[in-house]
Amino acid sequence: MPQLLFLALVIGGGWYFYKKFVADAEKLAIRRREQERERQTNAIGTLVKDEVTGEYRVRRDEE
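Everything numeric here is computed off the predicted structure, so don't read it as measured data.

K.L.:
Sorry, what's going on with the overall build of the protein chain here?
P.N.:
Check the secondary structure of the protein chain and you find one helix and two strands. In terms of C-alpha radius of gyration, the protein chain reaches 20 Å, well past the compact-globule figure of 11 Å for 63 residues. Judged by the C-alpha coordinates and their principal axes, the protein chain covers about 60 × 30 × 10 Å. Across the 63 residues that make up the protein chain, the buried fraction comes to 3%. About 6,100 Å² of surface is accessible on the protein chain, with carbon and sulfur atoms providing 63% of the total. Side chains of the protein chain carry 12 positive and 11 negative charges; the gap between the two charge centres is 4 Å.

The following block contains the structure:
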């Protein structure tokens, strides 16, 4: 019985880390496409609209 619990834990942990890896890879791919578009258009950054003030600002890397 302990072997089954250990196996289930290993499989569950592997599945979690696989999903996390795929999500991170998708985020990186999206960011790389955005950077490529910015480089092609010689843009310094991407503007985003602030919902509260309605003003535009350059998007930060964390967003």
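K.L.:
I keep staring at helix α1 (residues 2-40) and nothing clicks. Help me out?
P.N.:
For an α-helix, 3.6 residues make a turn, and residues three or four places apart therefore share a direction. Along its 39 residues, α1 runs 57 Å from first to last C-alpha, staying within 8% of the 57 Å computed at 1.5 Å per residue. Looking one or two residues beyond α1, the residue adopting positive phi is N42, at roughly 55 degrees.

K.L.:
Sorry, what's going on with a nonpolar patch on the surface here?
P.N.:
Where nonpolar side chains cluster on the molecular surface, the patch consists of M1, L4, L5, L7 and I11 and spans about 580 Å² of accessible area. Relative to the helices and strands, M1 is located in the segment before α1. For M1, a relative accessible area of 66% puts it in the exposed group.

K.L.:
Whenever I open this one, the environment of L28 confuses me. Can you help?
P.N.:
Along the chain, the position of L28 falls in helix α1. A C-alpha to C-alpha distance of 20 Å links L28 and W15, two positions 13 residues apart in sequence.

K.L.:
Would you mind showing me how to read the packing of aromatic side chains here?
P.N.:
Two aromatic rings, taken as a pair, are described by how far apart their centres are and by the angle between their planes. One pass over the structure, following the stated rule, counts two aromatic pairs. Taking 5.9 Å as the distance between ring centres and 35 degrees as the angle between the ring planes, the aromatic pair formed by W15 and Y18 counts as tilted. With W15 and Y18 both in helix α1 and three residues apart, this pair spans about one turn of that helix. Judged by relative accessible area, W15 falls into the exposed class, the value being 54%. With a centroid separation of 5.3 Å and 70 degrees between ring planes, the pair formed by Y16 and F17 is classed as edge-to-face. Using a relative accessible area of 57% as the deciding quantity, one classes F17 as exposed.

Calculation notes
Sequence order as written defines residue numbering, which begins from 1 separately in each chain. Per-residue local features of the predicted model are confined to residues with pLDDT of at least 70, and side-chain atom pairs are confined, for both listing and counting, to 80 or more; whole-chain, interface and lining totals are unaffected and use all residues. Just so you know, side-chain values use all the structure's heavy atoms and leave hydrogens and water out. A run of DSSP states H or I qualifies as a helix once it reaches four residues; a run of E qualifies as a strand once it reaches two. Both are numbered from the N-terminal end. Note on method: radius of gyration uses C-alpha positions; expected globular size equals 2.2 Å times residues raised to 0.38. Only protein chains enter the accessibility calculation, which uses a 1.4 Å probe; a residue is then buried when its area is under 20% of its type maximum, exposed when over 50%, and partly exposed in between. Residue-level accessible areas treat just the shown protein chains as cover; the underlying method is Shrake-Rupley with a 1.4 Å probe. The charged-residue count follows a simple rule in which Lys and Arg add positive charge and Asp and Glu add negative charge, with His and chain termini not counted at all. The atoms used to mark charge sites are NZ of Lys, CZ of Arg, CG of Asp and CD of Glu. Take the number of residues in a helix, subtract one, and multiply by 1.5 Å to get its expected span. Only residues above 30% relative accessible area that lack a salt bridge enter a patch, with like-charged residues linked at up to 9 Å and the nonpolar side chains Val, Leu, Ile, Met, Phe, Trp and Tyr linked at up to 5 Å. What counts as a salt bridge is simple: a side-chain nitrogen of Lys or Arg found within 4 Å of a carboxyl oxygen of Asp or Glu. Only Phe, Tyr and Trp rings take part, Trp by its six-membered ring, and two of them pair if their centres are within 6.5 Å. Stacked means planes under 30 degrees apart, edge-to-face means over 60, and tilted covers everything else.

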